[in-house]
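# Descriptive analysis of the structure
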Amino acid sequence: MHSFIANLLTSVKILYGLITLLVLAVSCTDNRKSLEPYEFDETKKLVAYVEDAADLIKVKGIAAFADFARKNSKWLNGNRYLFAYDLHGTCIFHPVTPELIGRNIINMKDLNGKPVIVEIVQIASNTKHPSGWVHYLWMEPGEIYPEYKSSYIMRVTDPAGHMFAIGSGNYKQKAEKIFISDIVDSACFQLEKQGLEIIPLFLDKSGKYIFYDSYIFILDEKGTALVDPSFPSLSGRKLVNLKDAIGKPIVKEMIEKLETNQTAWLSYMSKSPDENRPVKKLAYIRKIHINNKAYIVGSSIRLEKPVWLKI
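Predicted model, so just to flag it, every value in this text is computed and none were measured.

Conventions adopted
Residues numbered from 1 in each chain as written. Predicted model: local features only at pLDDT ≥ 70, side-chain atom pairs only at ≥ 80, totals over all residues. Heavy atoms only, no water. Helix = DSSP H or I, 4+ residues; strand = E, 2+ residues; numbered from the N terminus. Salt bridge = Lys/Arg side-chain N within 4 Å of Asp/Glu carboxyl O. Buried < 20%, exposed > 50% of the residue type's maximum accessible area, 1.4 Å probe, protein only. pLDDT = per-residue confidence, 0-100. Contact = heavy atoms within 4.5 Å. Pairing = 2+ DSSP bridges. Axes fitted to C-alpha atoms, helices over the stretch in contact; angles between N-to-C directions. Polar contact = N/O pair within 3.5 Å; in protein donor to acceptor, adjacent residues only side chain to side chain. Core = buried A, V, L, I, M, F, W, Y, C linked by side-chain atoms within 4.5 Å. Expected span 1.5 Å × (residues − 1).

## Describing the environment of L266
- With respect to the element layout, L266 can be found in strand β8 (residues 263-270).
- Distance in space between the C-alpha atoms of L266 and Y284 is 6.8 Å, their sequence separation being 18 residues.

Structure representation (structure tokens):
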């Protein structure tokens, strides 16, 4: 009898534990469509956090800033906080650096000279897609060396009709595929609009096209580099026979993939000066035409998942 009761209690405990895990799993699931492009939970949580803040501003207006400034709350906890700027670059909310509030800091730059506030305002001012990412080199509180920070930005309009750029960021953010597809698409748009003379724009470390270890590369249809993926400041190398760290002919594969597609993804192994073994990378490439000549424009990120998984 005692054995039966003991077994029953054990079963109840196990069942209770499973139910608890199920409830937690359901409560942590966010099925909003805006999160579908992202792979990593930390990214989804950041985007959802900013979107939830925007929803509160739409209801309460700037009175929501009092909620956002409450320490140890959903809105302000550790390194998680919100910031807000008007569309001219004046800071209207910053709980960590309140001395910025009321100041126009449109000319503020990161440690590479990137005009961070300019990029934030540009994202929020976009009439078609007023949301996106800005990546910048910043000092994390308490750290000695600077780290890249990726902030998600979106425009929000309060009940009085005032428009703001609000956002929040993660240090050491895992690179999402959308980070490089966005900059490649942007680079292609600029190239098709202005031509090859804007190539220096993609070599500028203070611009939006270089972040983490990602940058734009441009090849002609025969595999000759205009912007070299190995030496960004050089051009003219013939890379058609270039192989990755395990002998994969990656440029030939790019050319083949774009024979029948306008865009493509491919994975490869890259030699890393910081590590003794090759690292897995993922490239996004796109074919464009300028003056009736075809070019391959692309960028790459380090993969956070095994290279053999389907992409």
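## Some remarks on the pattern of salt bridges
- One pass over the structure, following the stated rule, counts 11 salt bridges.
- Residue E51 is joined to R32 by a salt bridge in which the shortest nitrogen-to-oxygen separation is 3.0 Å. Of this pair, E51 sits in helix α2 (residues 41-60) while R32 sits in the loop between α1 (2-27) and α2; the two residues are 19 residues apart in sequence, bridging distant segments of the chain.
- For R32, a relative accessible area of 23% corresponds to the partly exposed category.
- Note that D52 is salt-bridged to K74, the shortest N-O span being 3.4 Å. Of the two residues, D52 sits in helix α2 while K74 sits in the loop between α3 (64-68) and β1 (83-86), which places them 22 residues apart along the sequence.
- By relative accessible area, which is 22% here, D52 ends up partly exposed.
- Each of R32, E51, D52 and K74 takes part in salt bridges that share partners, so that together they form one network.

## Overview of the confidence of the model for the protein chain
- Across the protein chain, pLDDT averages 87, with 86% of residues at or above 70.
- Within the model, pLDDT remains below 50 along residues 4-28, and this stretch shows 0 contacts once partners closer than five positions in the same chain are excluded.
- When the criterion is pLDDT under 50, residues 306-311 qualifies, and its contacts beyond four places in sequence or with other chains add up to 9 contacts.

## Quick word on the sheet that holds strand β9 (residues 279-290)
- Taken in spatial order, the 5 strands of this open sheet run β7-β6-β10-β9-β8, and their pairing is antiparallel. Edge positions in the sheet fall to β7 (225-227) and β8, since each has one partner strand and no second. For this sheet, the mean angle separating the axes of adjacent strands, direction not counted, is 30 degrees.
- Strand direction decides the pairing type here: strand β6 (residues 217-220) and β7, joined by 2 bridges, are antiparallel. Note that in β7 the partner of L219 across the bridge is A225.
- In the packing of helix α6 (residues 250-260) onto the sheet, contacts are made with β6, β8, β9 and β10 (293-302), and the angle to β8 comes to roughly 165 degrees.

## Looking at the side chain of S150
- Mapped onto the elements of the fold, S150 is located in strand β4 (residues 147-157).
- Given a relative accessible area of 0%, S150 falls into the buried group.
- Here the side chain of S150 touches Y212 through a polar contact of 2.2 Å, side chain to side chain.
- When sequence neighbours within four positions are dropped, the list of residues in contact with S150 reads L46, W133, V134, H135, S168, G169, N170, Q173, F179 and Y212.

## Describing the nonpolar core
- One finds F68, I166, I216, I218 and V297 to be the most contacted residues of the largest nonpolar core, which totals 51 residues.
- Discounting residues that sit within four places of it in the chain, V297 has contacts with V184, A187, C188, L191, I216, F217, I218, Y284, I285, R286 and I288.
- Among the nonpolar cores identified, the runner-up in size contains 17 residues, and Y85, C91, L100 and V134 belong to it.

## Considerations on the sheet that holds β1
- The 5 strands lie next to each other as β2-β1-β5-β4-β3, forming an open sheet whose pairing is antiparallel. Two strands close off the open sheet at either side, each with one partner strand: β2 (91-93) and β3 (131-138). The average undirected angle you get between the axes of adjacent strands in this sheet is 35 degrees.
- Where β4 lies against strand β5 (residues 163-171), 9 bridges are found, and the strand directions are antiparallel. Within the sheet, the bridge partner assigned to K149 lies in β5 and is Y171.

## Concerning the pairing of β5
- Counting buried residues along β5, 8 of its 9 residues qualify, which places the element largely inside the surrounding structure.
- Two strands pair when backbone bridges link them, and β1 and β5 are joined in this way by 4 bridges, in the antiparallel orientation. Following the sheet pairing, A84 is matched in β5 by I166.

## Here's the deal with α2
- Between its first and last C-alpha atoms α2 spans 28 Å; for 20 residues at 1.5 Å apiece the expected length is 28 Å, and the two agree.
- Within α2, burial applies to T43, L46, V47, A48, Y49, V50, E51, A53, A54 and I57.
- Those residues of α2 that are buried lie in contact with α3, β3, β4 and β5.
- One or two steps after α2, the chain reaches G61, where phi turns positive at roughly 70 degrees.

## What to know about unusual backbone geometry
- The residue K172 is not glycine, and still its phi comes out positive at about 55 degrees.
- Within the secondary structure, K172 is located in the loop between β5 and α5 (177-194).
- Given a relative accessible area of 54%, K172 falls into the exposed group.
- In the Ramachandran plot, Y212 falls in the positive-phi region, its phi being about 50 degrees despite a non-glycine side chain.
- Mapped onto the elements of the fold, Y212 is located in the loop between α5 and β6.
- Look at Y212 and you get partly exposed, because its relative accessible area is 24%.

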